[in-house]
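Residue-level structural notes
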Amino acid sequence: MTRPVSAPAIAATRGRYCPCCDRHLREGFLPGPDGRPDASCPRCRSLERHRFFAILLGALRPQIGRVGTLLDIAPAPQARARLLELEPDHYVRFDLRPGRGVDLRGDITAMPLRDRCVDLLVCYHVLEHIVDDRAAIAEIGRVLAADGLGILQVPWRPGTVTDEDPDAPEEERIRRFGLADHVRYYGDDVEDRLVAGGLDVTRVTPADYVGAEANAWMGLGEDQSVWLVRPASSPGGASRWTIPTTSPLTTTLDSLVAELAKVRAERQDARRALRQASAPR
Ligand SMILES: [Zn+2]
């Protein structure tokens, strides 16, 4: 008997695919840092946000085109392989502190870079650490080229107002903002802050690029949000970077993944039936 396959069928099977390290993982993902199941790639340690970034970058790639300068702020090693595929002329990994894999040191609120020199900027989970995030956002707007693109993510609770207090004691910051070195947890006004910094903003989620089956297969998370930003003065704004929600490609990928789940479930049922038939009576 074949079990009915309901969406997302793939979630119930163990096999997963990591788009960061391009590996099929028979045993799936490991628990995440907070213990949530099905989160971390056992090969490259990618989490949901890194994997959605890899998919997003792939989807945007035709529009991004040639990249002169790529500015990767607080670079995540999990994103490196996909970023290198863009073959930027200059790949600048920027961080406050020196370390392996940092090309340029500096403060995001006063970056040692010329105006309008960055074609692609990546800034993931940085702004929640910065006391003067408005200055950091203004800097992002200043260094982005007129037709440049920024890809930003911050911890965000939809339906709330930003909760912030740089002076809160450490224990309280952990409780309210998630980590001791966070100074806020963003709410819906995050977009107002980006706009006030001179940016045009479009929020995207995995559902804008893949269906439920493909999402479960790659473990992109359902609550990921990413902001695509461009200088407000640029023609077309940030919305030109989105793609149609249900393109033929996303529909095809989803049905392929669902079919994969179905074949797996049937194979498991066949194995079970074989074991039962061959068991001593
Ligand atoms: Zn991986």
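This section reports on the structure supplied with the text. These numbers were taken from a predicted model, which means no experiment stands behind them. (Residues numbered from 1 in each chain as written. Predicted model: local features only at pLDDT ≥ 70, side-chain atom pairs only at ≥ 80, totals over all residues. Heavy atoms only, no water.)

What follows deals with the coordination of the zinc ion. Bound to the zinc ion on the protein side are C18 (SG), C21 (SG), C41 (SG) and C44 (SG), at distances that span 2.3 to 2.4 Å. Note that the zinc ion binds four donor atoms; their angles at the metal cover 106 to 112 degrees, and the shape is tetrahedral. Every donor residue of the zinc ion comes from the same chain, spaced as C-x2-C-x19-C-x2-C. Overall, C41 belongs to the buried group, its relative accessible area being 0%. (Donors = N, O, S within 2.8 Å, 3.2 Å for Na, K, Ca; no water. Tetrahedral: all angles 85-135°; square planar, octahedral: opposite > 155°, others 65-115°. Buried < 20%, exposed > 50% of the residue type's maximum accessible area, 1.4 Å probe, protein only.)

Moving on, we get to the pairing of strand β11 (residues 226-231). Extensive coverage of β11 is indicated by the burial of six of its six residues. Bridging between strand β7 (residues 144-153) and β11 involves three bridges; their strand directions are antiparallel. Each residue of the ladder has a partner; that of G150, found in β11, is V229. Relative to β11, strand β10 (residues 199-204) runs antiparallel, the two being bridged by six bridges. Of the residues in β11, the one forming a bridge with D200 is R230. (Helix = DSSP H or I, 4+ residues; strand = E, 2+ residues; numbered from the N terminus. Pairing = 2+ DSSP bridges.)

To continue, consider the state of the cysteines. This model, assessed by the stated rule, comprises zero disulfides. The closest cysteine sulfur to the non-disulfide-bonded C123 is located on C117, 15 Å from its own sulfur. Accessibility expressed as a relative area gives 2% for C123, which makes it buried. (Disulfide = S-S within 2.5 Å.)

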